[in-house]
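As a plain string of letters, each chain reads:
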Amino acid sequence: MKELIERIKTDGRVLGEGVLKVDSFVTHQVDPVLMTQIGERFAECFADSNITKVVTIEASGIAPALYAAQFLGVPMVFARKSKSLTMNEELLTSEVYSFTKQITSTISISRKFLSAEDNVLIIDDFLANGQAAKGLIELCRQAGANVEGIGIVIEKSFQDGRQLLEDMGLKVVSLARIESLSNGEVSFLKEDA
Ligand code: 5GP
């Protein structure tokens, strides 16, 4: 997506360890104009998929997921992260290892917000090793919901996440695909949308 790639080029910052900082427009301060375009693009890509719900994980997935849900005309539900969560029959839960925080957290969605009738589009801000998406897929499967596809704002294609999700037979749409962050430079692959 041209507007997103241009913005990454001007405002993205490469940190060490293969991390891209986009806190001025995606992950902390959020640009609503760009987010609207992102949501619209995801909705276009999944327009014929009969999506009933958009699912993401707090916090940075919420903005793109909400705009996508608005354009698809369906609800958005986000998984909560909690350290002190105990098993509860009202909750769907799974474990996610965070790439950036390097901790494992238990994520949960209330059972009443996902059901076997749902056809889900999972959205997240970044795809690195695919652990956040895998945790969300697990929550959907616990509910008996179908995962129709995954929408990613920024994919780091030099990590294993996309392969993991495609090996599960899932359609992955990434709006920006980063080939490399070597030497402080961002280089891009051809994006999906
Ligand atoms: P994964 O679970 O695919 O390994 O990592 C995806 C999650 O880690 C995203 O939800 C995102 O919050 C975070 N993440 C991974 N890589 C980056 C990155 O380069 N920059 C930022 N800001 N977040 C990242």
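Notes on the structure in this doc start here. Computed from a predicted model, the values in this text were never measured in an experiment.

**Quick notes on the site of the ligand**
Now for step 1: Around the ligand sit 15 residues in total, of which L20, A128, N129, G130 and A132 are the nearest.
Now for step 2: Take N129: an N or O atom from its main chain is 2.8 Å from an oxygen atom of the ligand.
Now for step 3: With respect to the ligand, the side chain of K156 contributes an N or O atom lying 2.8 Å from an oxygen atom.
Now for step 4: Look at the ligand: alone it shows 510 Å² of surface, and the protein chains cover 88% of it.
Now for step 5: For the shell around the ligand, the secondary-structure elements that each account for two or more residues are β2 (19-21), β7 (119-127) and α4 (131-143).
Now for step 6: Sorting elements by how many residues they give to the shell around the ligand places β7 first, with 4 residues.

**Things to note about the nonpolar core**
Soluble globular proteins tend to bury their nonpolar side chains together.
Now for step 1: By size, the foremost hydrophobic cluster in this structure holds 33 residues, and its most contacted members are L4, L20, I38, V54, I154 and L175.
Now for step 2: Among the secondary structure elements, those contributing two or more residues to this core are α1 (2-11), α2 (32-45), α3 (62-72), β7, β8 (146-156) and β9 (171-180).
Now for step 3: Not counting chain neighbours up to four residues away, the residues in contact with I38 comprise M1, L4, P64, V153 and L175.
Now for step 4: V77, L92, V96 and A145 belong to the second-largest nonpolar core, a separate cluster that totals 25 residues.

Rules of the game
Residues numbered from 1 in each chain as written. Predicted model: local features only at pLDDT ≥ 70, side-chain atom pairs only at ≥ 80, totals over all residues. Heavy atoms only, no water. Near = heavy atom within 4 Å. Polar contact = N/O pair within 3.5 Å; in protein donor to acceptor, adjacent residues only side chain to side chain. Areas by Shrake-Rupley, 256 points an atom, 1.4 Å probe, with all protein chains shown as cover. Helix = DSSP H or I, 4+ residues; strand = E, 2+ residues; numbered from the N terminus. Core = buried A, V, L, I, M, F, W, Y, C linked by side-chain atoms within 4.5 Å. Buried < 20%, exposed > 50% of the residue type's maximum accessible area, 1.4 Å probe, protein only. Contact = heavy atoms within 4.5 Å.

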